[in-house]
There are 2 protein chains.
Amino acid sequence: MKKVKIAILGLGTVGSGVYKLLERRKQEMPSKAGVEIEIAKILVRNLEKAEKKVGRELLTDDWREIVEDESISVIIEVMGGMEPACTIIMEAFRAGKHVVSANKDLIASRGKELLEAAKDNGCDFLFEAAVAGGIPILRPMKQCLAGNEISDIMGIFNGTTNFILTKMTDDGMEFEDALRVAKELGYAEADPTADVEGYDAGRKVAILASIAFHSRVVFEDVYTEGISKINAKDIQYAKELGCDIKLLGVAKNTDNGIEARVHPMLIPSGHPLASVKDAFNAVFVHGDAVDDAMFYGRGAGEMPTASAIVGDVIDILRDIEWGCCGRIGCSCYRELPVKAIGDVESKYFMRLHAEDKPGVLATIAGVFGNNAVSISKLIQKNTQDGFAELAIVTDLVKEYHFRDAVTVLGGMSVIQKISSIIRVL
Amino acid sequence: MKKVKIAILGLGTVGSGVYKLLERRKQEMPSKAGVEIEIAKILVRNLEKAEKKVGRELLTDDWREIVEDESISVIIEVMGGMEPACTIIMEAFRAGKHVVSANKDLIASRGKELLEAAKDNGCDFLFEAAVAGGIPILRPMKQCLAGNEISDIMGIFNGTTNFILTKMTDDGMEFEDALRVAKELGYAEADPTADVEGYDAGRKVAILASIAFHSRVVFEDVYTEGISKINAKDIQYAKELGCDIKLLGVAKNTDNGIEARVHPMLIPSGHPLASVKDAFNAVFVHGDAVDDAMFYGRGAGEMPTASAIVGDVIDILRDIEWGCCGRIGCSCYRELPVKAIGDVESKYFMRLHAEDKPGVLATIAGVFGNNAVSISKLIQKNTQDGFAELAIVTDLVKEYHFRDAVTVLGGMSVIQKISSIIRVL
């Protein structure tokens, strides 16, 4: 029986998981994929540290040793970051090797050239793990739902921020406290910026939107807004309005362009995404035939990510066995514009402090009215210092109209401060 | 560009949906699959009736005309039932044609021989639509989750019964009334037996268990119990216990065999499956790497089912284009035993009427104790006629022990009647 040699680039959390899972399934690979496998090499930065995990004979700190080894057919890139990952993958394609990657940063920005290089060299390039970790989503979009015109995607793509928001909602914590707990439990990194500011979710939205709408969306196209400004009071008001606050990734294919964005959002507490708690991810998809479908599971972690990667590896093994590598590559056969965020329509929740005297509310309402913003709900609470706290929910309005209203309100002497602006589903 | 000719067997609800969706996506097929398509023939029973839907030149009432037409490469079987569907599909494979089917009755009973015939003739045989309609589940299991050892599947596989139970739960209806509403709205057929008694869900469990555990499970192996005996009072008690009642399909791969069953079950109201309402389906999967994953969407209906079928067709078109038909066929490479239902462990909810006098409860508890059944919860309510209504929840117990206890209780003079027995998650 044919034996396929595999190399792993990186032996961090995910790399270790992939190594473990491939070893665990090794005996069954002939039944699953029709070929035997062997893990031939693992690229690491620190040989001594890595020796504690796997045998020295498997390790190398020189990526050329892997790319130039003609006996290796499949490379699993789990090192992350733009470089040297990009260079190594491009070289791997040139050497005719198939690549599985979990590198959302790289794919969200340079997916097009990577997929083109894979195609030019007759190679598979699969990256199920790059979006929503263990949840099957990219392959279902490219295959199972391929008969649909997908119009909407909405999901919770980041476990760290979902964990923080869950703590803030269920335990009444403030953001900083919930972030500290997330760090203590290993859900947040030492520098949590990419998660907390929505960049991580934005990369996933870019990749998924490209596949869903058949038109390239890069990370730089995605509007991102994080959760660091959300506080316990906003969550309290959301509850009064029958809502939860979630960090959502949203992508829509509209008549005048693609919308791609990540931002916190008030969603009704009865919405299926509201019940997605802690570090779980979930993705809602709407297609013209399938209607609504949802995919739910663990969006990160050693073994869930390894699950997605090994699934991709098995698919490549089958392609090698059947001589059809490259069978499903880039599916971007359209070129659609991406809308500027100013042109996107949303409803907004706004919390502000204003002087508690007659006529102020009329003035605020007037500013909204002059900028084409309709108010659908209003909660007013008196504070102790002579100011009133107002929570306002608007109807659907284009972002730039709303921003104009906010600018005018921000400059008025009767308004003490605008504390929060959060979109509403 | 190559043109692939397709035939559809059946022009009922699903067949019409498939015809519509293929026509809708026709222009894009070269981009999606690398080939053009043409719907060449549609098999119908009644030519005159079908003429109102599509042009006469497309129709035939003779299946041999399709199977013997060498220009047709792909056959979509949406006629349902065992025969003549089985014969036609077998003949189609012999003629080298690829087949997509939504026929769960056929696949759940004769999947093995169909998959073998497909393999022997180098053909694709895909049936994503046969389980959970539009929800991508079979391909994710065979590909995305292929790196996992799947241990558990649990899901709502039948929209009709879920609609009925939702009506009973939310509106307090009795079964018969909810069934009537389901019929009026087109969710239930004139003869609702296959849905209501769990046979439809049982077929899906058989197919999914075979794929998940790599060992053939046929419909005849699946224990099925329906919802016709559930009444509003059971649902009331379930609510008191913090639970909802759902008709669940369950499949487990245990150390001493596969469990495959369909029955009503009390599940905690906070469980994600409890929030699956109306005609929606959802499938929970547990694997050793991915942990928990859930797939949710529409399990039936014209266009959701067509979505799954057209996804399969596109995959076959790619296989034709890449010359790799048969790439993913039967994945049953193990032979595991299927447990008898008596050997399955469950918790039980039991509602009974007993004489309301001292010592009766001790007697009942004694019978349970003698049969290795532990009681974990008990609610007693006095009725007006001198009897007490008891609702009992047991700990985990093997079914045959519990049945023994029920037999003894059923023969006791102090017990007026045993009204309900429902399993508990």
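Residues numbered from 1 in each chain as written. Chains lettered and ligands numbered in written order. Predicted model: local features only at pLDDT ≥ 70, side-chain atom pairs only at ≥ 80, totals over all residues. Heavy atoms only, no water.

1. Quick word on the overall build of chain A
- Counting its secondary structure elements, chain A contains 15 helices and 17 strands.
- Taken against the 2.2 N^0.38 rule, which gives 22 Å for 425 residues, the C-alpha radius of gyration of chain A at 24 Å falls within 12% of a compact globule.
- Each of the three principal axes of chain A carries a C-alpha extent, and together these read 85 × 45 × 35 Å.
- Residues counted as buried form 59% of the 425 residues belonging to chain A.
- For chain A, the proportion of contacts with a sequence separation of at least 24, taken over those separated by at least 6, is 72%.
- Averaging the coordinates of the 50 positive side-chain charges in chain A and doing the same for the 62 negative ones gives two points 2 Å apart. (Helix = DSSP H or I, 4+ residues; strand = E, 2+ residues; numbered from the N terminus. Rg over C-alpha atoms; globule rule 2.2 N^0.38 Å. Buried < 20%, exposed > 50% of the residue type's maximum accessible area, 1.4 Å probe, protein only. Contact = heavy atoms within 4.5 Å. Lys, Arg positive; Asp, Glu negative; His and termini not counted. Charge placed at Lys NZ, Arg CZ, Asp CG, Glu CD.)

2. Overview of the UniProt feature "domain: ACT" (unreviewed entry) in chain A
- What UniProt calls "domain: ACT" (unreviewed entry) maps, in this numbering, to residues 349–425 of chain A.
- The annotated region residues 349–425 of chain A carries 30% helix and 45% strand content, and the separation between its end C-alpha atoms amounts to 10 Å. (UniProt positions renumbered as here; feature names shortened; annotations may be inferred.)

3. Observations concerning the pattern of salt bridges
- Counted by the stated rule, this structure contains 74 salt bridges over all chains.
- Between Glu225 of chain A and Arg423 of chain A there is a salt bridge, with its nearest N and O atoms 3.0 Å apart. Remark: Arg423 of chain A occurs in strand E17 (residues 415–424) and Glu225 of chain A occurs in the loop between strand E8 (223–224) and helix H12 (232–240); sequence separation between them is 198 residues. A single burial state applies to Glu225 of chain A and to Arg423 of chain A, both of which are buried.
- We note a salt bridge from Asp315 of chain B to Arg327 of chain A, for which the minimum N-O separation is 3.2 Å. Residue Asp315 of chain B is found in helix H13 (residues 302–322), and its partner Arg327 of chain A is found in the loop between helix H13 (302–322) and strand E13 (345–355); the two belong to separate chains. Per residue, the accessibility class of Asp315 of chain B equals that of Arg327 of chain A, and both read buried.
- Within the structure, one salt-bridge network assembled from shared partners comprises Glu128, Arg139, Asp312, Asp315, Arg318 and Asp319 of chain A together with Arg327 of chain B. (Salt bridge = Lys/Arg side-chain N within 4 Å of Asp/Glu carboxyl O.)

4. Regarding a positive patch on the surface
All names here are of chain A.
- Together, Arg45, Lys49, Lys52 and Lys53 give the surface a local cluster of positive charge.
- Summarising the element assignment, Lys53 is placed in the loop between helix H3 (47–51) and strand E3 (59–60).
- On the accessibility criterion, Lys53 (48% relative accessible area) is partly exposed. (Patch = residues over 30% accessible without salt bridge, like charges linked within 9 Å, V, L, I, M, F, W, Y side chains within 5 Å. Areas by Shrake-Rupley, 256 points an atom, 1.4 Å probe, with all protein chains shown as cover.)

5. Some remarks on the interface of chain A and chain B
- Across the contact, 51 residues belong to chain A and 51 residues belong to chain B.
- Of the roughly 4,300 Å² buried at the junction of chain A and chain B (both faces included), carbon and sulfur atoms supply 52%.
- If you sort the residues of chain A by the area they bury against chain B, Cys144, Trp322 and Arg327 of chain A come out on top, with a joint share of 16%.
- Seen at the junction of chain A and chain B, the total is 12 salt bridges.
- Linking Arg24 of chain A and Asp288 of chain B is a salt bridge whose minimum nitrogen-to-oxygen distance equals 3.0 Å.
- Where chain A meets chain B, there are 32 residue pairs in polar contact (both at pLDDT 80 or more).
- Across the side of chain A that touches chain B, the residue classes tally to 23 nonpolar, 11 polar and 17 charged. (Buried area = accessible area lost by both parts, 1.4 Å probe. Polar contact = N/O pair within 3.5 Å; in protein donor to acceptor, adjacent residues only side chain to side chain. Nonpolar A, V, L, I, M, F, W, Y, C, P; charged D, E, K, R; others polar.)

6. Section: unusual backbone geometry
Residue and element names in this part refer to chain A.
- Each neighbour pair has its own omega, and for Glu83 with Pro84 the value is 5°, a cis peptide bond.
- Here Pro84 shows up in the loop between strand E4 (72–77) and helix H5 (85–94).
- If you check the backbone angles, Asp278 has positive phi at about 55° while not being a glycine.
- Along the polypeptide, Asp278 turns up in the loop between strand E10 (257–268) and strand E11 (280–287).
- With relative accessibility at 34%, the residue Asp278 sits in the partly exposed group.

7. Things to note about the environment of Glu321 of chain A
All names here are of chain A.
- Mapped onto the fold, Glu321 is located in helix H13.
- Glu321 sits 173 residues away from Asn148 along the chain, and the two C-alpha atoms are 30 Å apart.
- For Glu321, the contacting residues outside a window of four places in its chain are Lys2, Ala33, Gly34 and Val35.

8. So, the packing of helix H1 (residues 13–25) of chain B against H13 of chain B
Residues and elements named next belong to chain B.
- Two elements in contact, H1 and H13, have axes separated by 8 Å at closest approach and are oriented at 55°. Here H1 lies oblique to H13, going by the angle between them. Like other packed secondary-structure pairs, H1 and H13 cross with a definite hand, here right-handed. In this structure, H1 contributes Thr13, Val14, Ser16, Gly17, Val18, Lys20, Leu21, Leu22 and Arg24 to the contact, and H13 contributes Glu302, Met303, Thr305, Ala306, Ser307, Ile309, Val310 and Val313.
- Classifying every residue of the contact of H1 with H13 gives nine nonpolar, five polar and three charged. (Axes fitted to C-alpha atoms, helices over the stretch in contact; angles between N-to-C directions. Parallel < 35°, antiparallel > 145°, perpendicular 65-115°, else oblique. Left-handed = near helix turned anticlockwise from the far one by under 90°.)

9. A word on the UniProt feature "binding site: NADPH" (unreviewed entry) in chain A
All names here are of chain A.
- In the numbering used here, UniProt assigns the feature "binding site: NADPH" (unreviewed entry) to Lys104.
- Of note, Lys104 is situated in helix H6 (residues 104–120).
- Contact partners of Lys104, with chain neighbours within four places excluded, come to Ala130, Asp200, Arg203, Lys204 and Ile207.

10. Details of the pairing of strand E2 (residues 36–43) of chain A
Residues and elements named next belong to chain A.
- With six of eight residues buried, E2 lies mostly within the body of the structure.
- Where strand E1 (residues 3–9) and E2 come together, seven bridges link them in parallel fashion. Opposite Lys3, over in E2, you have Glu36 as the bridge partner.
- Both E2 and E3 contribute to a ladder of two bridges, which runs parallel. Of the residues in E3, the one forming a bridge with Ile42 is Leu59. (Pairing = 2+ DSSP bridges.)

11. What to know about the nonpolar core
- Counting residues in hydrophobic clusters, the biggest one holds 172 residues, and the most contacted among them are Ile137 and Met141 of chain A together with Ile137 and Met141 of chain B.
- If near-sequence neighbours (up to four positions away) are discounted, Ile137 of chain A is found in contact with Glu128, Val131, Ala132, Leu208, Val283, Val285 and Phe295 of chain A. (Core = buried A, V, L, I, M, F, W, Y, C linked by side-chain atoms within 4.5 Å.)

12. Considering a nonpolar patch on the surface
- Residues Leu361, Ile375 and Leu378 of chain A make up a contiguous nonpolar surface patch of roughly 210 Å² in combined accessible area.
- Overall, the relative accessible area of 31% leaves Ile375 of chain A in the partly exposed class.

13. Side note on the domain arrangement of chain A
Residue and element names in this part refer to chain A.
- The domain architecture assigned to chain A consists of domain 1 (3–133 + 302–322), domain 2 (143–298) and domain 3 (341–424).
- For domain 2 and domain 3, the distance between their C-alpha centres works out to 25 Å.
- At the junction of the two partners, domain 2 supplies 16 residues and domain 3 supplies 18 residues.
- For the pairing of domain 2 and domain 3, the buried interface totals around 1,600 Å² over both sides, and the portion due to carbon and sulfur atoms is 60%.
- Counting the surface domain 2 buries against domain 3, the share from its top three residues, Tyr237, Leu241 and Leu266, is 39%.
- On inspection of domain 2 and its partner domain 3, the count reaches four salt bridges.
- Where Lys381 meets Glu240, a salt bridge forms, and the shortest distance between an N and an O atom there is 2.4 Å.
- Where domain 2 touches domain 3, the interface holds seven residue pairs in polar contact (both at pLDDT 80 or more).
- No other element matches E10, which puts six residues into the side of domain 2 that touches domain 3.
- Grouping the amino acids of the side of domain 2 that touches domain 3 by side-chain chemistry returns eight nonpolar, two polar and six charged. (Domains from an automatic or database assignment.)

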